[in-house]
Number of protein chains: 2
Amino acid sequence: MPDPIDFYFDFSSPYGYLTSKRIDAIAEKFGRSVTWRPHLIGAVFKTTGSQPLLNIPMKGDYARRDIPRTARRMGVPFRLPERFPFASVAAGRAFYWLNDRDPGKAKDLAKALYHRAFGEGEDISGGDSVVAVAAAQGIDADELQAALADPTVKERLKHEVEVAVERGVFGSPFVFVDGEPFWGNDKLTEVEHWLETGGW
Amino acid sequence: MPDPIDFYFDFSSPYGYLTSKRIDAIAEKFGRSVTWRPHLIGAVFKTTGSQPLLNIPMKGDYARRDIPRTARRMGVPFRLPERFPFASVAAGRAFYWLNDRDPGKAKDLAKALYHRAFGEGEDISGGDSVVAVAAAQGIDADELQAALADPTVKERLKHEVEVAVERGVFGSPFVFVDGEPFWGNDKLTEVEHWLETGGW
């Protein structure tokens, strides 16, 4: 069984949301699985001199047009939350807490959180809103609420973000196929081609 | 006859070079022509808080891997010039000077300059090197040398850069199809799809 594909994404990234809709299906075509790895792109903004995409003059205007246009082409529902950019720390913590118990359920939770944020345009920044989405997936609300405040869980996300930075992940989405890095939703065609050919 | 496609590019942009290898053929499939419009991406670096791509921590390392990889996939020769990033003002001035006389020859010159810079990895930053490439294309060296110092020609490029900024062009390559903007070499598949469908 070949290694899983690593899919890095930030829960507050619209392009990460778009990639989340396709990455598993692309991998499956080539008998590959995908490890979902939420991170926090803000962690490298200082290093790369960047800032939240939609706040950048000119580039932000373009992205506001390109994101819904790309979503339409992909047939994916899209609605930008009123509060944007938003904090994705609670979502990331909830994901890794659940992932250590049941990776399948964690992936379902990630999909539900992304849908809530960018399919419906609702707020998922606060712990309460994350817990509400999780509860609708059958996750115990009290347990998750406690986990979000647990230093071990906080440390877990922090560690994952550090690993992402060490691996050179500076944006979202960011995909590794057998160590080969691909940045951006627009790279999915190349990701697929790499999987198909084994590289070029 | 439908409007031409606008292809904005900076002569010092590797991704612009890659797009230059495909844009005409893509347009031609749909009976469209392409207006080549060199600009200077540095003009908006202050506005967007950006800097030359390969100088950006993390992102630069990624680009150094992605550019040759994309070139290999496209079957395009690629070699990064030793002096990079480099000034592209002389190349831009030469282009517009020639373009006002013979757009076909200007496009050929652009291709030759791009080939020199990123196909062979040679320096095209100085006026002399631009004139040498142009002379090999049958352009009068003395005339071009004089044009590069002509205030009218300088103003011509400056004006084109200003128009580009007004149109929201913040990167290279940047393509408009019937007013619809597409940024980046990775967007060529969507450019093609837009031409095919008339938009979505």
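Residues numbered from 1 in each chain as written. Chains lettered and ligands numbered in written order. Predicted model: local features only at pLDDT ≥ 70, side-chain atom pairs only at ≥ 80, totals over all residues. Heavy atoms only, no water.

## Some thoughts on empty space enclosed by the protein
All names here are of chain B. Definition in use: A cavity here means a set of 1 Å grid points, computed over protein atoms only, where a 1.4 Å probe fits but cannot escape. A pocket is an open set with protein on both sides within 12 Å along at least 5 of 7 lines, and lining residues have an atom within 4 Å of a point. Grid points are joined across faces, edges and corners, and a volume is the space filled by probe spheres set on the points.
In total, this model carries one cavity of 30 Å³ or more according to the counting rule given. Size it by volume and the largest cavity reaches roughly 30 Å³. Forming the boundary of the largest cavity are His39, Leu40, Ile41, Ala43, Val44, Val161, Ala164, Val165 and Val169.

## A short note on the packing of helix α7 (residues 127-136) of chain B against helix α8 (residues 141-148) of chain B
Residue and element names in this part refer to chain B. Quick note on the threshold: In this analysis, axes come from line fits to C-alpha atoms, helices being fitted only over the stretch in contact, and the angle between any two N-to-C directions falls in the range 0 to 180 degrees. A run of H or I in DSSP becomes a helix once it reaches four residues, and a run of E becomes a strand once it reaches two; helices and strands are each numbered from the N terminus. Take the far helix as your reference; a near helix turned counterclockwise from it by less than a right angle gives a left-handed crossing, and one turned clockwise gives a right-handed crossing. The contact criterion used throughout is that any non-hydrogen atoms of two residues lie within 4.5 Å. Polar here means any residue other than Ala, Val, Leu, Ile, Met, Phe, Trp, Tyr, Cys and Pro, which are nonpolar, and Asp, Glu, Lys and Arg, which are charged; Gly is therefore polar.
In contact at an axis separation of 9 Å, α7 and α8 are set at 145° when each is read in the N-to-C sense. Judged by the sense of rotation from one axis to the other, the crossing of α7 with α8 is right-handed. Between α7, through Gly127, Asp128, Val130, Val131, Ala134 and Ala135, and α8, the contact on the second element is made entirely by Ala141, Leu144, Gln145 and Leu148. By residue class, the composition of the contact of α7 with α8 is seven nonpolar, two polar and one charged.

## Overview of the relation of the copies chain B and chain A
For clarity, the cut-off: Least-squares fitting of one copy onto the other uses the C-alpha atoms of those residues that reach a pLDDT of at least 70 in both copies.
Least-squares fitting of chain B to chain A yields an RMSD of 0.0 Å, with the transformation described by 0.0 Å of translation along the axis and a rotation of 180°. In the structure described here, the two chain copies are related by an operation that fits a two-fold rotation axis. By C-alpha distance to the rotation axis, the residue of chain B lying nearest is Asp186 of chain B, at 2.9 Å. By residue overlap, the copies meet face to face through one surface: 100% of the interface positions of chain B are interface positions in chain A.

## Section: the side chain of Asp6 of chain A
All names here are of chain A. Counted only if it meets this: Under the rule applied, a polar contact is a pair of N or O atoms within 3.5 Å (in protein, one hydrogen donor and one hydrogen acceptor; residues adjacent in sequence only if both atoms are side-chain atoms).
Within the secondary structure layout, Asp6 lies in strand β1 (residues 5-9). At 2.8 Å, the side chain of Asp6 and the side chain of Arg37 are in polar contact. Leaving out residues up to four positions away in the same chain, Asp6 has contacts with Thr35, Arg37, Arg167, Phe174, Val175 and Phe176.

## Some thoughts on the interface of chain B and chain A
Convention followed: Put simply, buried area is how much 1.4 Å-probe accessible surface two parts lose in total, over both of them, once they are put together. The working definition used for a salt bridge is a side-chain nitrogen of Lys or Arg within 4 Å of a carboxyl oxygen of Asp or Glu.
Contacts between the two partners involve 32 residues from chain B and, on the opposite side, 32 residues from chain A. Where chain B abuts chain A, roughly 3,100 Å² becomes buried across the two surfaces, and 58% of that area is made up of carbon and sulfur atoms. Summed over the three residues of chain B that lose the most area to chain A, namely Met58, Tyr62 and Arg73 of chain B, the buried surface amounts to 24% of that side. Between chain B and chain A we count eight salt bridges in total. Residues Arg65 of chain B and Glu180 of chain A are paired through a salt bridge, measuring 2.8 Å at the closest nitrogen-oxygen approach. Where chain B meets chain A, there are 18 residue pairs in polar contact (both at pLDDT 80 or more). Among the secondary structure elements, those contributing two or more residues to the side of chain B that touches chain A are α3 (45-48), α4 (59-74), β4 (180-183) and α10 (188-197) of chain B. Looking at which element gives the most residues to the side of chain B that touches chain A, the answer is α4 of chain B, with eight residues. Within the side of chain B that touches chain A, the residues separate by chemical class into 14 nonpolar, eight polar and 10 charged.

## Brief notes about the packing of aromatic side chains
By convention here, two paired aromatic rings are described through the distance between centres and the angle between planes. Put simply, the rule is: Stacked, edge-to-face and tilted labels apply to pairs of Phe, Tyr and Trp rings (six-membered ring for Trp) whose centres lie within 6.5 Å, assigned for plane angles under 30 degrees, over 60, and everything in between, in that order. Using a 1.4 Å probe on the protein chains alone, a residue whose accessible area is under 20% of its type maximum counts as buried, one over 50% counts as exposed, and one in between counts as partly exposed. Note on criteria: charge over ring means Lys NZ or Arg CZ within 6 Å of the ring centre, with the direction from the centre no more than 35 degrees off the ring normal.
Taken as a whole and judged by the stated rule, the model has 50 aromatic pairs over all chains. On the numbers, 5.5 Å between centres and 45° between planes, the contact of Phe174 of chain A with Phe176 of chain A is tilted. Look at Phe174 of chain A and you get buried, because its relative accessible area is 1%. Of the aromatic side chains, those joined through ring pairs into one cluster are Phe7, Phe9, Phe11, Tyr17, Trp36, Phe78, Phe84, Phe86, Phe95, Tyr96, Tyr114 and Phe118 of chain A. Over the face of the ring belonging to Phe182 of chain B we find Arg69 of chain A, whose NZ or CZ atom lies 4.0 Å from the ring centre.

So yeah, pure geometry; function would need other evidence.
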